[in-house]
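Observations on the model geometry
Here are the chains, one letter per residue:
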Amino acid sequence: MKSKLTLQQYTDGISQGNRVVLGQAITLIESNLPDDQFLAAQLLEVILSKTGNAIRIGITGVPGVGKSTLIELLGNHIIASGKKVAVLTIDPSSQLTKGSILGDKTRMEDLSKNPMAFIRPSASGTVLGGVANKTREVMLLCEAAGYEVIIIETVGVGQSEVEVKNMTDFFLLLMLAGAGDELQGIKKGIMEMADGLAITKADGDNIKQATAAQAEYQHALHLYPMPASGWSPKVLTCSAMNNTGIDEIWKMILAYHEHTLASGYFDLNRQQQNIKSLNAYADQLVLDDLRKFIATNAQVKEIEQLVKDQQISPLIAAQKIQEAFKRDIKGKT
Ligand SMILES: Nc1nc2c(ncn2[C@@H]2O[C@H](COP(=O)(O)OP(=O)(O)O)[C@@H](O)[C@H]2O)c(=O)[nH]1
Ligand SMILES: [Mg+2]
């Protein structure tokens, strides 16, 4: 599909907080057509000065822990305090199952009807530039459109939570009481990444267990060294069913925000995240060039044949390709 709007129309629409245009701009960003990508890059450049003002929250946890249900309530709660909220979901499995995003949509039905909210499932894993940078770009568009809080939901499996940690200010890990860490599929290192933990479904017969888990995790977190943020992660309990603990979660995020703004860590972290994003783009661009070179260069074909015939080792062959690639670049500049 060809993009129908001009750069000016995208920019104006987004500045006015026009949700339809915002949606179209996101589609543009997610497009793999070279023309669209060119326009998308320009758009991101133009809106840059209007970005960065939101509180960016990442929420992770195994499927079924209650992320979407909590986000619906938390989103409405934040909106009630007067802030516009955008929710982006990254679900690596959605491509296969096709079910979970639909499920999310229904569970966030209430929030999605709220004119102060914007909900968007992320592009699947096939987009150029990777899911992480695409999600980041979508987040920037939402900020330029006036959303003051961005919530990114990601499933706590695979690489995505590291990527989400790298694009958010506050990383919230949701846990179930009574299930061991292994059972929950929580990889080592995720706990250390969290700025806050919430034990979900603390309702009915589960309340006692949830409170016990809260103490247990709080103790476990104390054993970790103090994070660079200077903020010691808190553990809370919550129930979306009973609507309890939601305000506490929001207050924790605000306290973190104030704490890190005052210490300077907030800006430092954002700067480091910008550099990480730059590095990811740079890797991607150089890799694209290299792949193109490998696919088309005659000398590479000869080197490949030598590897097939066991005349040279793959490592030496790779070094030869690197040298040929460098010569090729030099020849062009
Ligand atoms: N008892 C109880 N069930 C909940 C709560 N929050 C979510 N659930 C249920 O847990 C299931 C998974 O919730 P969902 O939000 O889709 O989890 P996600 O996969 O982490 O996004 C759903 O059936 C919810 O109704 C809660 O606070 N209490
Ligand atoms: Mg979900």
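Structure: see above.
Residues numbered from 1 in each chain as written. Chains lettered and ligands numbered in written order. Predicted model: local features only at pLDDT ≥ 70, side-chain atom pairs only at ≥ 80, totals over all residues. Heavy atoms only, no water.

So, helix 15 (residues 314-332)
- Relative to the 27 Å expected for 19 residues at 1.5 Å per residue, helix 15 spans 27 Å between its end C-alpha atoms, a close match to the ideal helical length.
- Those residues of helix 15 that sit buried are A317, I321, A324 and F325. Axial view of helix 15: buried residues confined to an arc of 105 degrees, hence all on one face. Among the exposed residues of helix 15, those oriented more than 90 degrees off its buried face are L315, K326 and K330.
- Residues of helix 15 that are buried sit in contact with helix 13 (265-296) and helix 14 (298-308). (Helix = DSSP H or I, 4+ residues; strand = E, 2+ residues; numbered from the N terminus. Expected span 1.5 Å × (residues − 1). Buried < 20%, exposed > 50% of the residue type's maximum accessible area, 1.4 Å probe, protein only. Arc of directions from axis to C-beta. Contact = heavy atoms within 4.5 Å.)

Some details on the nonpolar core
- Counting 49 residues, the largest nonpolar core has L141, C142, I150 and L197 as its most contacted members.
- At eight residues, helix 8 (residues 130-144) tops the list of elements feeding residues into this core.
- Two domains share this core, each providing at least three of its residues, namely domain 1 (1-49) and domain 2 (51-263).
- Among the nonpolar cores identified, the runner-up in size contains 32 residues, and V65, L172, L236 and C238 belong to it. (Core = buried A, V, L, I, M, F, W, Y, C linked by side-chain atoms within 4.5 Å. Domains from an automatic or database assignment.)

Brief notes about unusual backbone geometry
- Positive phi values are uncommon outside glycine, yet K201 reaches one of about 55 degrees.
- For K201, the position within the fold is in the loop between strand 6 (196-200) and helix 11 (207-222).
- Unlike most non-glycine residues, N243 shows phi in positive territory, near 55 degrees.
- Position of N243 relative to the elements: it lies in the loop between strand 7 (234-237) and helix 12 (246-263).

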